[in-house]
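# Structural overview for review
Residue strings, one per chain:
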Amino acid sequence: RKEVEQDPGPFNVPEGATVAFNCTYSNSASQSFFWYRQDCRKEPKLLMSVYSSGNEDGRFTAQLNRASQYISLLIRDSKLSDSATYLCAVNLGGGGGADGLTFGKGTHLIIQP
Amino acid sequence: EAGVAQSPRYKIIEKRQSVAFWCNPISGHATLYWYQQILGQGPKLLIQFQNNGVVDDSQLPKDRFSAERLKGVDSTLKIQPAKLEDSAVYLCASSEQQGYTEAFFGQGTRLTVV
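Read on for a plain summary of the structure. No experiment lies behind these values; they were computed from the predicted model shown.

Cut-offs applied
Residues numbered from 1 in each chain as written. Chains lettered and ligands numbered in written order. Predicted model: local features only at pLDDT ≥ 70, side-chain atom pairs only at ≥ 80, totals over all residues. Heavy atoms only, no water. Helix = DSSP H or I, 4+ residues; strand = E, 2+ residues; numbered from the N terminus. Rg over C-alpha atoms; globule rule 2.2 N^0.38 Å. Buried < 20%, exposed > 50% of the residue type's maximum accessible area, 1.4 Å probe, protein only. Contact = heavy atoms within 4.5 Å. Areas by Shrake-Rupley, 256 points an atom, 1.4 Å probe, with all protein chains shown as cover. Lys, Arg positive; Asp, Glu negative; His and termini not counted. Charge placed at Lys NZ, Arg CZ, Asp CG, Glu CD. Pairing = 2+ DSSP bridges. Axes fitted to C-alpha atoms, helices over the stretch in contact; angles between N-to-C directions. Phe/Tyr/Trp six-rings, centres within 6.5 Å; stacked < 30°, edge-to-face > 60°. Disulfide = S-S within 2.5 Å.

### Regarding the overall build of chain B
Tallying secondary structure elements over chain B gives zero helices and 11 strands in all. Listing the helices and strands of chain B from first to last along the sequence gives β-β-β-β-β-β-β-β-β-β-β. By the compact-globule yardstick of 13 Å for 114 residues, chain B fits well, its C-alpha radius of gyration being 13 Å. Taken across its 114 residues, chain B has 45% of its residues classed as buried. By sequence separation, contacts in chain B at least 24 residues apart represent 53% of the contacts at least 6 residues apart. For chain B, the exposed area adds up to about 5700 Å²; of that, 49% sits on carbon and sulfur atoms. Taken together, the 12 basic and 11 acidic charged side chains of chain B have centroids lying 8 Å from each other.

See below:
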């Protein structure tokens, strides 16, 4: 089983719709969780950190389910500019200060006019 | 504030040749990471530095890859000799300190091995 798994999509969604996707992780010791956005041929940029209590930033809501070992991202009122690849990232919190991220393959989202 | 700088942006080499990438992190960022992103995949951590010390290099293919951050600022990643499967984007990221703070990525170096 892969450490971090995402549905690669593509998700084709009409503008204005709500879209949600999940990411599962295999290591129950994982300590922190993130969603990154990556545009074509660009570097990843942090979209949201995911907290145990869930968090919301404008049209974006992220949630964590530790019992089932998944995180989710919900985008409301989707815009054309939301078209991108969304990468799930998990920090295992290794010993000695190791805190590099383990990424999923990404979910490709296409917002259609 | 200047971001993470990487060079070159693109590099094409033949297999078995050597190549080096350079990264200048955001000023004051103590933690520096190198990631490899193969087309269609998420970034994969290669190595993490804290100042000039290696914190995690468990996924670095040490038979051909090496990295250093001698003065705790700039870093170089080297591949010697390169293989076809090394074709990827090599991303450098930095964060202010260890411990789940936001990591900022550079634009990456796109390596093609032919």
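### Observations regarding the sheet that holds strand β7 (residues 65-68) of chain B
All names here are of chain B. One open sheet holds the four strands; their spatial order is β1-β3-β8-β7, and the pairing between them is antiparallel. Pairing within the sheet leaves two strands with one partner each, and these edge strands are β1 (5-7) and β7. This sheet shows a mean twist of 15° between the axes of neighbouring strands, independent of strand direction. Both β1 and strand β3 (residues 19-24) contribute to a ladder of three bridges, which runs antiparallel. Looking across to β3, one finds that Ser7 is bridged to Trp22.

### Describing the packing of aromatic side chains
One pair of aromatic rings is described through two measures. These are the centre distance and the angle between the planes. Residue and element names in this part refer to chain A. Summed over all chains, the structure comprises 12 aromatic pairs over all chains. Taking 5.6 Å as the distance between ring centres and 75° as the angle between the ring planes, the aromatic pair formed by Phe11 and Phe21 counts as edge-to-face. Residue Phe11 is found in strand β2 (residues 11-14), and its partner Phe21 is found in strand β3 (residues 19-25); the two are separated by 10 residues along the sequence. Residue classification places Phe11 among the partly exposed residues on the basis of a relative accessible area of 21%.

### Let's talk about the sheet that holds strand β1 (residues 4-6) of chain A
Residues and elements named next belong to chain A. Reading across the sheet, the five strands line up as β1-β3-β8-β7-β6 and stay open at both edges, with antiparallel pairing between neighbours. Each edge of the sheet is formed by a strand with only one pairing partner; in this case those strands are β1 and β6 (55-57). Each strand of the sheet is rotated relative to its neighbour by a mean of 20°, with strand direction disregarded.

### Details of the state of the cysteines
Put plainly, two cysteines are in a disulfide when a covalent bond ties their sulfur atoms together. All names here are of chain B. All told, the structure shown has two disulfides over all chains when counted by the stated rule. Across the disulfide from Cys23 sits Cys92; the S-S distance is 1.9 Å. Taking the torsion about the S-S bond as the criterion, the Cys23 to Cys92 disulfide, at about -70°, is left-handed. On the criterion of sequence distance, the pair formed by Cys23 in strand β3 and Cys92 in strand β9 (residues 88-95) is long-range, its members being 69 residues apart.

Purely geometric stuff here, so don't read any function into it on its own.
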